[in-house]
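# A look at the structure
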Amino acid sequence: MERLCGPELPFWVANQTFHTDRPDLTECFQLSVLAWLPCIYLWAVSPIYLFYLKRNNRGYIMMSIMNRIKTVFGLLLWIVCWTDLFYTFHELRQGNSQPPIYFVTPLVLGMTMLLATFLIQFERLRGVQSSGVLFIFWFLSVLCAIVPFRSKILQASSQSEVTDKLRFTTFYLYFSLAVCELILCCFNEKPPLFSSAVTDLNPCPEATAGFLSSMTFWWFTSMAIKGYKMPLEAKDLWSLNQRDSSKVMVPNLLREWEKEQTKAKSEQHLSTQAVYSKPLPSTTNHITGGGGGGGESSPEEVEVLLSNQKTAPHKPSFLRALIKAFGPYFLIGSAYKLLQDIVTFVNPQLLRMLITFTKQKDVPDWWGYALAFLMFFTAILQTLILHHHFQYCFVTGMNVRTAIIGAIYRKALVITNAAKRSTTVGEVVNLMSVDAQRFMDLTTFLNMLWSAPLQIMLALYFLWQNLGPSVLAGVAVMIMLIPLNAVIAMKTRAYQVEQMQYKDSRIKLMNEILNGIKVLKLYAWENSFKEKVLDIRQKELNTLRKTAYLGALSTMAWTSAPFLVALTTFAVYVTVDENNILDAEKAFVSLALFNILRFPLNMLPQVISSIVQASVSLKRIQDFLSHDELDPNSVDRKNNTTEFSVTVVNGKFTWGKEDPPVLQNINVMVPQGSLLAVVGHVGCGKSSLISALLGEMEKLEGEISIRGSVAYVPQQAWIQNATLRDNILFGKAYNEQKYRCVLEACALTPDLEVLPGGDMTEIGEKGINLSGGQRQRVSLARALYSDADVYLLDDPLSAVDAHVSKHIFDNLIGPEGALKGKTRILVTHGISFLPQVDNIVVIVEGRVSEMGSYQELLQQNGAFAEFLRNYALEDFVEEDQAIEELIEAEELFPEDALSNHTDIGDNEPVINEAKRNFIRQISIISADGENPRCRSVRRHGCSQKKSPEPQEKKKPHEMEKLIQSETAETGRVKTKVYLEYAKAVGPLLSVFICFLYGCQSAAAIGANIWLSQWTNDASTNQTKENVHMRVGVYAALGIAQGVLLLVNCLLCRAYSMLRAAKLTHYNMLQGVLRAPQAFFESTPTGRILNRFSKDMDAIDSHIPENIDIWMRTFWYTLNVLLICSALTPMFLIVIAPLMVFYWWVQRFYVATSRQLKRLESVSRSPIYSHFSETITGSSVIRAYGRHSAFVLMSDLKVDDNQKSYYPGIVSNR
């Protein structure tokens, strides 16, 4: 530095800087280090920043007045800096030589100002509204200029006049312009042209927030103020950021997952190639989801393959897919965590210096103020960094949940029927709610996996410097705790798997109960099913109790760990050498380090526990996503070569690849525009044939081709929870004339008159407020409105009354119906309609027995004639019994139904007289292929149901909307809610638990007070006499703390909280089962399942943890305030206004945070409701090609949920 500054300007003078009441830095230091620091930063960052801007173009920002001013100020700064440079050259020419620093610094500063001006313009062209890089640069420039700013004023005041007037003037010009640039940097530019911020109705202000606003989360303030003034509603929420939406996140994960599957398949293929000498035939109609080999082989080959798979199983890794998809964004949070960990250890060093300062005499006072300010600044910096780390972690967790829900939903739409058997709706709802939540919880503290060991190592390093080798005793204690924790983690994982199995069983049973609630109530089976649910719940609680025991042990071990480490270290330190004296500096700096050690040691078991839970969830999700998928190419939709609309050649189909074939040797050709009837006995494979044509079955052999679009009417009508009109339109555009024709053809017009809102009446989940016949007619109307080329009708007339089925056949399906000219395949038992069809296929035991027209088949006198004779004889046997029952029920059929069907009978070709009479009975007593006795009883039951139906419909409806939106509570959580929970725990027990928490906190504070007394012995030279007594009491207080903690954990988590969870679940189950039928009609199943899965999980796991954290924090804060007030009464003057301020901040924040939590909970249920509905109608959705539309609907519901979750995350910052 002497070369640059010369001998006259020293670089560092300690007496001028430290040992004086008016500290100042030397001119050389100011001109070199302080001037160059911002420049070095900007030149170092610029290449990376320019590369980033080149890769990320957000659009073009028009040049504003502010941008022009910034640019002008930048150029002025360059002129000011180079004025100094040219003035130095001028002095050189005058013979007044200056040191080289006067040439170098203005040159470097001028070049840097030009770079900053270039960046201002380049950022504008790349759409950057607020620059963090330039804000930091201007902030550093102003900060570094403050010292020379003061120095020059001090020099000017000490001298009579300013010696170097030009440099004095240029510096203050430089300082003023730098401050102006810093102020301008705090404001935002306008959004880029054509950006989403302009088009969005309610955009999230984060996207347009400035650097300072983003760093301090100030952009959230507007929502916090709104939430404080009035309860937030869904319409107040901002739109979700594009990068966090399902549209971006789900494809991102699925892309990585597909890569993993492809990789696993290629590895599997290579291994099988190595084992097999001949390739295996693979013709099954499914896509393997997780890379299992297909086909058949000899036992020897299977044996070889099995042995090979045992040694090297190839499964796609869902974890790797998650890491690749979300790892890079998560790493930014990890970088913040690393920075925070380093800053954490600055405070103990500052504390050491502060304690040393208090001991020293004759030192300047400004040292103490500087150290206090540095401690405060470090704490603020640490908080800022920590919250940004948490923000990245929480957002990653949110994105992971979005992606997992989206992936599961998409998979559930395409899994094979064999896979569906092994996975119930309840299990998949659990995957979406509980398992996806596990990943969300894990990401929050996942960085502790590497951060905790780093913090422990740094803490031990500083402790070694402070206390020497005595620290090894503390390390030994920590090492001893590791095996204990490992055993606990292994056992916890086993219990976790067991608990999730019970949870799945419980949700599965609840789903079955809710789906069959009408039957349950009719048979009064509520109590028996309640017992079944409670039995599973008890097993689940027993597992939770075992987990709680282990958790209590783990918590005690790790919470006591810092204390045990401190105790052993201090005890060894004072006993190994008499010269080792525990003074205030050693004790409290060590204690500060032990407190830093406390967090990683406390968090490590929780992180391990979360990882254990997430690993269970990971395996469950991975198994589900690895299920086989239906092959979309199994049915050829592009075959235009033949005149046949539907062709099946040598078809052989099965429901599962391990199952025997259901349909064999199927050869069917349906000409364009014809009506084909499929008949046969129950279980012969009629519905299976329709499923095969839809591509729902595994195709073992043969070819299927369907020309054009398909409409499908299933045997059990699938109705959405939407208006009647929406159910019929099913995504198509509304056409009034066409719509009215459809209603007329499907005999729905009379029903609209009795429905309270006409076709805008909302239909409950699974069509619960429609009769079976109405549901089937809505399903037919949907098919007709879709205007498809091929219609697959799976027994649509069995659920409707005789005269209605006649109307539907004549006006819709038949040769003169609305569908004439379309290709129709009708599965039916209605023999009366068969003479009017073009062709008939007779299925016997999974094979096509006969195919031809009605007359041809009768003349053949084969299976079809036998089928007619069997039906006729069955009906003859049952005729008398049926008529007697009908008379008993006093049921009168419309005369036109009988006369119409008699007319049909008269027109039929020559059939014996008996058979003609039986046809009348067939039309009345729905011949659906069950045994005759069951059939007549069933018809009798249907008839009984008919008479009260119109009366039910005529009841006045108070509102048209059946399913009411789930409403969120507003305002504060009512005291009644807390009291209910305390009552469930037990009032006396609740008070006793609070008291134990107080005692535990008192023991912890007591140990610190005792330590301060111990350090006072050093000043009175009593250290040797009191060593054993001091160590003994310190140990006793610590052990008391550990024991109280263990008792508390056992009482809280293993007994009282589980008791509350059991009682809450029991009351909720009791309430649901005792609810009237109207409740189930107006409440979606998903909403109820959400209560029993996600909300119950919160009561089981999250509430006990949150109560534990709250109680510990409350008592610790209270004890600290009491001790500080007792020791320093002046502290009360500060604490009173501070407490008022914090109370106000708490009220201000909680109002918004609480409401966001409620909105998030309310918007979660529709995700599961929509999912359960989709699963039920997946075959209909696929048949109509509405797969993408339903995926989009699910994504929108997830995004709506995240719209309230995301501000909730930010409000916690």
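Not measured: the values here are computed from a predicted model.

Looking only at helices and strands, one finds 43 helices and 12 strands in the protein chain. Counted over contacts in the protein chain with a minimum sequence separation of 6, partners at least 24 positions apart contribute 82%. Carbon and sulfur atoms make up 62% of the accessible area of the protein chain, which totals about 57,600 Å².

Right, let's talk about the side chain of Thr1152 for a bit. Along the polypeptide, Thr1152 turns up in helix H40 (residues 1131-1162). Overall, the relative accessible area of 1% leaves Thr1152 in the buried class. Sequence-distant contacts of Thr1152, that is, excluding residues within four places in its chain, are made with Phe220, Met223, Ala224, Gly227, Tyr228 and Leu232.

Right, let's get into the pattern of salt bridges. In total, this model carries 29 salt bridges according to the counting rule given. The partner of Arg506 in a salt bridge is Glu540, with the nearest N and O atoms 2.7 Å apart. Placement of the pair is Arg506 in helix H19 (residues 471-515) and Glu540 in helix H21 (residues 526-576), with a sequence separation of 34 residues. By relative accessible area, Arg506 is classed as buried at 0%. In this structure Glu540 comes out as buried when scored by relative accessible area, which is 0%.

We now examine unusual backbone geometry. A positive phi angle is found at Asp795, which is not glycine, with a value near 50°. Note that Asp795 resides in the loop between strand S9 (790-794) and helix H28 (802-813). By relative accessible area, which is 3% here, Asp795 ends up buried. Residue Glu845 is not a glycine yet carries a positive backbone phi of 50°. Structurally, Glu845 can be placed in the loop between strand S11 (839-844) and strand S12 (847-852).

Okay, the packing of helix H15 (residues 366-414) against helix H17 (residues 425-445) next. With their axes 8 Å apart at the nearest point, H15 and H17 run at an angle of 160° to one another. Between H15 and H17, the angle falls in the class roughly antiparallel. Every pair of crossing elements has a handedness; the one defined by H15 and H17 is right-handed. Considered class by class, the residues forming the contact of H15 with H17 number 16 nonpolar, 6 polar and 1 charged.

To continue, consider helix H7 (residues 165-185). Its 21 residues place the ends of H7 30 Å apart at the C-alpha level, agreeing with the 30 Å of an ideal helix rising 1.5 Å per residue. Listed in full, the buried residues belonging to H7 are Arg167, Thr170, Phe171, Tyr172, Tyr174, Phe175, Leu177, Ala178, Glu181, Leu182, Leu184 and Cys185. In this structure, the buried side of H7 is in contact with helix H4 (65-93), helix H5 (101-125) and helix H6 (132-158).

For the coordinates displayed, the defined rule picks out 40 aromatic pairs. With centroids separated by 6.1 Å and ring planes inclined at 85°, the aromatic side chains of Phe220 and Trp238 adopt a geometry described as edge-to-face. Here Trp238 lies in the loop between helix H10 (221-229) and helix H11 (246-275) and Phe220 lies in the loop between helix H9 (211-216) and H10, a separation of 18 residues in the sequence. For the pair shown, Phe220 and Trp238 are each scored as buried. Between the aromatic rings of Phe1141 and Tyr1142, the centroid separation amounts to 5.9 Å while the plane-to-plane angle is 70°, which identifies the pairing as edge-to-face. Assessed through its relative accessible area of 55%, Tyr1142 is described here as exposed. A network of ring pairs unites the aromatic residues Phe149, Phe168, Phe171, Tyr172, Tyr174 and Phe175 as a single cluster. If you follow Arg725 out to its NZ or CZ, it ends over the ring of Tyr739, 5.6 Å from the centre.

As a further point, take a nonpolar patch on the surface. On the surface, Tyr228, Met1130, Ile1133, Val1134, Leu1138, Phe1141, Tyr1142, Trp1143 and Trp1144 cluster together into a nonpolar patch covering about 1,000 Å² of accessible area. In this fold, Leu1138 is placed in helix H40. On the basis of relative accessible area, Leu1138 is assigned to the partly exposed category, the value being 36%.

Turning to the nonpolar core, a few remarks are in order. Judged by nonpolar contacts, the single largest core of 141 residues is most densely connected at Ile728, Ile840 and Phe864. The leading source of residues in this core is H15, at 10 residues. Excluding residues that lie within four positions of it along the chain, Phe864 makes contacts with Val679, Leu834, Ile840, Val842, Glu850, Tyr854, Leu857 and Leu858. Core analysis: the next-biggest nonpolar cluster, separate from the first, contains 38 residues, Ala561, Phe563, Leu593 and Trp1010 among them.

Strand pairing within a sheet occurs via backbone hydrogen bonds; the two strands may be parallel or antiparallel. Read from one edge to the other, the open sheet built from 4 strands follows the order S3-S7-S4-S5, with strand pairing classed as mixed. Whereas interior strands pair on both sides, the edge strands pair on one side only; in this sheet they are strand S3 (635-636) and strand S5 (663-671). Bridging between strand S4 (residues 644-654) and S5 involves 6 bridges; their strand directions are antiparallel. Opposite Thr647, over in S5, you have Met669 as the bridge partner. Taken strand by strand, helix H23 (residues 686-694) contacts S3, S4, S5 and strand S7 (698-706), and its axis lies near 70° from that of S5.

Pairing is mixed across the open sheet formed by 6 strands, whose spatial order is S8-S9-S10-S6-S11-S12. Since the sheet does not close on itself, it has two edges, and those belong to strand S8 (710-713) and S12, each with one partner. Strand-to-strand twist across the sheet, computed as the mean angle between neighbouring axes with direction ignored, equals 15°. Here 5 bridges tie S11 to S12, and the two strands are oriented antiparallel to one another. When the bridges of S12 are listed, Ile843 appears paired with Val848. Of the strands in this sheet, S8 and S9 touch helix H27 (residues 772-786), which is tilted by about 175° from S8.

If you trace the backbone, Thr71 turns up in helix H4. Accessibility expressed as a relative area gives 15% for Thr71, which makes it buried. Thr71 has contacts with Thr117, Ile120 and Gln121, leaving out every residue within four places of it along the chain.

A separate point is the pairing of S11. Inspection of the sheet shows strand S6 (residues 675-679) paired to S11 by 4 bridges, in the parallel sense. Within the sheet, the bridge partner assigned to Ala677 lies in S11 and is Ile840. The turn joining S11 and S12, which pair antiparallel and follow one another in sequence, is formed by 2 residues; a positive phi near 50° is taken by Glu845.

So, on to the confidence of the model for the protein chain. Across the protein chain, pLDDT averages 77, with 84% of residues at or above 70. Low pLDDT, under 50, characterises residues 275-284; the stretch is placed with 18 contacts to residues that sit more than four places away or in other chains. A low-confidence stretch, residues 874-959 stays under pLDDT 50, and its non-local contacts, those more than four residues away or across chains, total 90 contacts.

Bringing the packing of H17 against helix H39 (residues 1085-1127) into the picture now. Packing of H17 against H39 leaves a shortest axis separation of 9 Å and a crossing angle of 35°. Relative to H39, H17 is oriented so that their crossing is right-handed. Residues Val429, Asn430, Ser433, Val434, Gln437, Arg438 and Asp441 of H17 pack against Leu1089, Ser1093, Lys1094, Asp1097 and His1102 of H39. Grouping the constituent residues of the contact of H17 with H39 by class yields 3 nonpolar, 5 polar and 4 charged.

Further remarks concern the environment of Leu514. For Leu514, the location among the structural elements is in helix H19. When the C-alpha positions of Leu514 and Ile1088 are compared, they lie 8.6 Å apart, and in sequence the two are 574 residues distant. Beyond its immediate sequence surroundings of up to four residues, Leu514 is in contact with Val1072, Phe1080, Thr1085, Ile1088 and Leu1089.

Among the structural elements, Leu826 can be located in strand S10 (residues 823-827). Along the backbone, Leu826 and Ile840 are 14 residues apart, and their C-alpha atoms lie at a distance of 9.3 Å. If sequence neighbours within four positions are ignored, Leu826 has contacts with Leu675, Leu676, Ala677, Val678, Leu793, Pro796, Phe809 and Ile813.

Criteria and thresholds
- Residues numbered from 1 in each chain as written.
- Predicted model: local features only at pLDDT ≥ 70, side-chain atom pairs only at ≥ 80, totals over all residues.
- Heavy atoms only, no water.
- Helix = DSSP H or I, 4+ residues; strand = E, 2+ residues; numbered from the N terminus.
- Contact = heavy atoms within 4.5 Å.
- Areas by Shrake-Rupley, 256 points an atom, 1.4 Å probe, with all protein chains shown as cover.
- Buried < 20%, exposed > 50% of the residue type's maximum accessible area, 1.4 Å probe, protein only.
- Salt bridge = Lys/Arg side-chain N within 4 Å of Asp/Glu carboxyl O.
- Axes fitted to C-alpha atoms, helices over the stretch in contact; angles between N-to-C directions.
- Parallel < 35°, antiparallel > 145°, perpendicular 65-115°, else oblique.
- Left-handed = near helix turned anticlockwise from the far one by under 90°.
- Nonpolar A, V, L, I, M, F, W, Y, C, P; charged D, E, K, R; others polar.
- Expected span 1.5 Å × (residues − 1).
- Phe/Tyr/Trp six-rings, centres within 6.5 Å; stacked < 30°, edge-to-face > 60°.
- Lys NZ or Arg CZ within 6 Å of the ring centre and 35° of its normal.
- Patch = residues over 30% accessible without salt bridge, like charges linked within 9 Å, V, L, I, M, F, W, Y side chains within 5 Å.
- Core = buried A, V, L, I, M, F, W, Y, C linked by side-chain atoms within 4.5 Å.
- Pairing = 2+ DSSP bridges.
- pLDDT = per-residue confidence, 0-100.

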